[in-house]
Amino acid sequence: MFDINLGLTIWTTFVFLALLGILWKFAWGPVLRAVEAREARIQGALDQAASEREAAERLLAEHRVQMADARRQAQQLVAEGREAGDRLRQEIEERARTEGRVLIERARETIEREREAAVETLRRESVELALAAAARLMRERLDEAADRELVIGYLDEVAGPDGDIQA
């Protein structure tokens, strides 16, 4: 086992070198080219991933800026809506107050006209009652127009300057 056979050693070395030459010529080159191509593909994928990551970071930054701008615009729209609502509410309240004042004034005018009409009606009826009472007392009727003027004059004397009858 430990004998050195010179012929076997030479042939083994020759076969090893021939195999190494054949592998170098036919296998080693394509294997190296395939490894280099794979390395180039991996490096390209890494470069592409890095550029896509940079693009994604830029897009994320732009998205954040747009979101902040959208929030600001939404807050501005809400504030403008509140202001418009407040202005509208104030206008409606002022209009309601004005219409209320107008209605109250109309009601006062109506009440005053009706009061004056009632006083006038009361005067006429009191004239009629006075004339009827006087006619019954006297059992004779004098001139109706003259009697009416006499009673109206008396009632005007009794009435104050505002037209109210004073006791």
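To keep things clear, this report deals only with the structure shown in the data block. These figures come from a predicted structure and were not determined experimentally.

### Comments concerning the overall build of the protein
Scanning the protein from N- to C-terminus turns up 2 helices and 0 strands. Counting every position in the protein, which comprises 167 residues, the buried fraction comes to 5%. With the model as given, the accessible surface of the protein reaches about 15000 Å², and the carbon-plus-sulfur share is 61%.

### A look at the pattern of salt bridges
According to the stated counting rule, one finds 9 salt bridges in the structure shown. With a closest N to O distance of 3.9 Å, Arg 124 and Glu 120 form a salt bridge. With Arg 124 and Glu 120 both in helix 1 (residues 6-138), this residue pair falls 4 residues apart, about one helical turn. Via salt bridges that share partners, Asp 86, Arg 89, Glu 93, Glu 94, Arg 97 and Arg 101 belong to a single interconnected network.

### A short note on a nonpolar patch on the surface
A contiguous nonpolar surface patch, about 370 Å² in accessible area, is contributed by Trp 11, Phe 14 and Val 15. With respect to the element layout, Trp 11 can be found in helix 1. Relative accessible area serves as the criterion here: at 56%, Trp 11 is assigned to the exposed category.

### Some remarks on the packing of aromatic side chains
If you walk through the whole model with that rule in mind, you get 2 aromatic pairs. Judged by centre distance (5.7 Å) and plane angle (85 degrees), the rings of Trp 11 and Phe 14 are edge-to-face. Of this pair, Trp 11 and Phe 14 both sit in helix 1, 3 residues apart, which is roughly one turn of the helix. Assigned by exposure class, Trp 11 and Phe 14 land together as exposed. Ring centres of Trp 24 and Trp 28 lie 6.1 Å apart, and the angle between their planes is 10 degrees; on these two criteria the pair is classed as stacked. One end of the pair, Trp 24, and the other, Trp 28, are both in helix 1, 4 residues apart, so they sit about a helical turn from each other.

### Topic: the environment of Ser 51
As for its placement among the helices and strands, Ser 51 is situated in helix 1. Polar contacts involving the side chain of Ser 51 include one to the main-chain carbonyl oxygen of Gln 48, which spans 2.8 Å.

Reading the values: the criteria
Residues numbered from 1 in each chain as written. Predicted model: local features only at pLDDT ≥ 70, side-chain atom pairs only at ≥ 80, totals over all residues. Heavy atoms only, no water. Helix = DSSP H or I, 4+ residues; strand = E, 2+ residues; numbered from the N terminus. Buried < 20%, exposed > 50% of the residue type's maximum accessible area, 1.4 Å probe, protein only. Areas by Shrake-Rupley, 256 points an atom, 1.4 Å probe, with all protein chains shown as cover. Salt bridge = Lys/Arg side-chain N within 4 Å of Asp/Glu carboxyl O. Patch = residues over 30% accessible without salt bridge, like charges linked within 9 Å, V, L, I, M, F, W, Y side chains within 5 Å. Phe/Tyr/Trp six-rings, centres within 6.5 Å; stacked < 30°, edge-to-face > 60°. Polar contact = N/O pair within 3.5 Å; in protein donor to acceptor, adjacent residues only side chain to side chain.

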